[in-house]
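Listed below are the residues making up each chain.
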Amino acid sequence: MSTAPNIAPANIAQRRTFAIISHPDAGKTTLTEKLLLFGGAIHLAGAVKAKKGGQSARSDWMAIEQQRGISVTASVMTFEYHDHTINLLDTPGHKDFSEDTYRTLTAVDSAVMVLDGAKGIEEQTLKLFEVCRLRDTPVITFINKMDRETKEPFELLDEIEKTLALDVCPITWPIGMGERFRGSFNVMTDTLYLFDAGSGSHIVDSMQFKGADDPALDEHIPTAELAKFREEVAMVKAIYPNFNKQSYLEGHLTPVFFGSAVNNFGVRELLEALCDIAPPPRVQAADPRSIAPEEPKFTGFVFKIQANMDKNHRDRIAFVRICSGKYTRGMKVLHVRSGKTLALNNPVLFLARERELAEEAWPGDILGIPGHGHLHIGDSLTEGEQLYFTGIPNFAPELFQRVRLEDPLKSKQLKAALEQLSEEGASQIFKPLDGSPWIIGVVGALQFDVIASRLQAEYGVRGSFESVQYTTARWLKCTSQAKLDEFCDKNKYNTAEDASGQIAYLAPNAWHLQRIQQDWPDIEFLKTRENR
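**Digging into the overall build of the protein**
When you go through the protein residue by residue, the secondary structure sums to 13 helices and 35 strands. For the protein, with 532 residues in total, the buried portion stands at 56%. Within the protein, counting contacts between residues at least 6 apart in sequence, those at least 24 apart form 72% of the total. A total accessible area of about 22500 Å² is found for the protein, and carbon and sulfur atoms account for 49% of it.

In structure tokens, the structure reads:
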């Protein structure tokens, strides 16, 4: 490790890098937009400040996202709030894009879990939370849509405790729900905020009252509802423990906020909590050693590749999480996998599709490095040290299809497009050793629709998908190259090379996979492949 002085603590302490996770339709994209609104990044909900004209940008920027109203790719947005630099990563909510979400969660220090108050914890929310738990990622909970009829707040807290095995600590408490939603009470500051249903697109300061027993509340909340609210607040204070920051940072406790993102209600309190209690950049796992953010030399890793974010430019952006040191424009770094030196002359910071040339950046920040086609997901960048950041895997696909071209003369364009999409992590491609055409492997069926849409929109390639007989893939690892060659020769109709040249076995079903593993005990069949 370098003996140079560590970088200034203030540059690290003021960073907050977090992801928003949720089940589809819980309000994740709306909350993202409203956080940008309160952060000053947009002046009207739905329209990002543009440097010229009235252009707009949203976290859902891809055409298929805008058409279907879903998030299928992770977006990165950076803004300032209360002397903090906020790096917000909006993850895909759809279950078919769990790989992109998993990789995004490797690049954050905390997460906000959004729940629909009427539905509670749903399938995708549970899966994403388990990823957070595996990485000991602290989670703040935002229970959304309180302006609609929801489950009872105590029932929701009980569901979080039992389903997620988490302690809960309500930071805010709702006053009613649906048509009777009157506002919320901040348990920690003893402040009550009245709800204004007409403030969806602009920030409007709510009326505030000090304490649940403020006599002025009688003029604004019906007597029976006010009595019920005061009784509930007394129960909250009696039942639930005080907020314990250390327990939250260790992933044992989740602070809970209630609100209505579409109406901006509860968003300010959530954003302030992220500044106050969410962790700054944390130590990152790497081989052969972990990397602390205070270290003086620059390190970072690629967690996402995205092409054609701007349809007017055939661009390609590698998203890099800075782990230590300081980035300055023009600096040279080692691309560890290839051993080559890269000059970082024009990286950018993001506001959805909006980009700003980055002159400097610090641990926790997300840099976009344009143009370098040799940067892949999982690649490590350093100032010379040979190290690999770990925990950024490829997952074995579960669905396989071939592309049938409408125009056979477009085969070169198809190959280039599939390789590009594979590098982004949108799919995995396999070239069978028997010489048959490329096979596309994905985790979720909707990914095929996205691939087809992007092939046509971005590469001018029209095609349809046809089924193949495979149901899963396993990467092969063997200490004996001769044994591996023998296996491939005897199973060439079921073996293929992926885009990186790694050999994989494509199994027609679980029985065949189990049988082949028994027959070849010297070979490991891996469900994941580490990107490094």
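Structure shown, so let's carry the discussion forward.
**Describing the packing of helix H2 (residues 28-38) against helix H9 (residues 267-277)**
In the contact formed by H2 and H9, the axes pass within 10 Å of each other and the chain directions differ by 75°. For the element pair H2 / H9, the angle class is roughly perpendicular. Residues Leu31, Lys34, Leu35 and Phe38 of H2 lie in contact with H9, whose contacting residues are Val267, Arg268, Leu270 and Leu271. The residue makeup of the contact of H2 with H9, split by class, is six nonpolar, no polar and two charged.

**A few points about the sheet that holds strand S34 (residues 524-526)**
Read from one edge to the other, the open sheet built from eight strands follows the order S30-S27-S29-S28-S32-S33-S31-S34, with strand pairing classed as antiparallel. The strands lining the two open edges of the sheet, one partner per strand, are strand S30 (463-467) and S34. Strand-to-strand, the axes of this sheet are offset by a mean angle of 40°, without reference to chain direction. Here three bridges tie strand S28 (residues 428-432) to strand S32 (residues 495-498), and the two strands are oriented antiparallel to one another. Bridging from a neighbouring strand, Lys431 pairs with Glu497 of S32. Docked against the sheet, helix H10 (residues 411-424) engages strand S27 (399-405), S28 and strand S29 (439-442), running at close to 130° with respect to S28. Each of S27, S29 and S30 touches helix H11 (residues 446-459); the most contacted strand, S29, lies at about 130° to it.

**Some remarks on the packing of aromatic side chains**
With the rule as written, the count across this model stands at 19 aromatic pairs. With a centroid separation of 6.5 Å and an interplanar angle of 10°, the aromatic rings of Phe154 and Tyr240 are classed as stacked. Highlighted residues: Phe154 in helix H6 (residues 153-164) and Tyr240 in the loop between helix H7 (223-239) and helix H8 (245-249), separated in sequence by 86 residues. Here Phe154 falls in the partly exposed class, since its relative accessible area comes to 22%. What makes Tyr240 buried here is its relative accessible area of 11%. By the ring-pair criterion, three or more aromatic residues cluster together here, those being Phe154, Trp173, Tyr240 and Phe258. The lysine or arginine in question, Lys304, covers the ring of Phe319, its NZ or CZ lying 5.7 Å from the ring centre.

**Quick word on the environment of Leu226**
Within the secondary structure, Leu226 is located in helix H7. According to the relative accessible area criterion, Leu226 is buried, its value standing at 1%. Considering only alpha carbons, one finds Leu226 and Ile175, 51 residues apart in sequence, at a separation of 7.9 Å. Once residues within four sequence positions are removed from consideration, Leu226 is found in contact with Leu217, Asp218 and Ile221.

**What about unusual backbone geometry?**
Cis geometry is found at the peptide bond from Asp287 to Pro288, where omega equals 20°. Positioned with a positive phi, Asp83 is a non-glycine residue whose angle comes to about 65°. Inspection of the secondary structure assignment puts Asp83 in the loop between strand S4 (75-81) and strand S5 (84-90). Located in the positive-phi region is Asp190, a residue other than glycine, with phi close to 60°. Counting through the fold element by element, Asp190 comes out in the loop between strand S10 (183-186) and strand S11 (191-194). Looking at Asp190, the relative accessible area reads 28%, which means it is partly exposed.

About the criteria used
- Residues numbered from 1 in each chain as written.
- Predicted model: local features only at pLDDT ≥ 70, side-chain atom pairs only at ≥ 80, totals over all residues.
- Heavy atoms only, no water.
- Helix = DSSP H or I, 4+ residues; strand = E, 2+ residues; numbered from the N terminus.
- Buried < 20%, exposed > 50% of the residue type's maximum accessible area, 1.4 Å probe, protein only.
- Contact = heavy atoms within 4.5 Å.
- Areas by Shrake-Rupley, 256 points an atom, 1.4 Å probe, with all protein chains shown as cover.
- Axes fitted to C-alpha atoms, helices over the stretch in contact; angles between N-to-C directions.
- Parallel < 35°, antiparallel > 145°, perpendicular 65-115°, else oblique.
- Nonpolar A, V, L, I, M, F, W, Y, C, P; charged D, E, K, R; others polar.
- Pairing = 2+ DSSP bridges.
- Phe/Tyr/Trp six-rings, centres within 6.5 Å; stacked < 30°, edge-to-face > 60°.
- Lys NZ or Arg CZ within 6 Å of the ring centre and 35° of its normal.

Taken by themselves, the reported measurements are silent on function.
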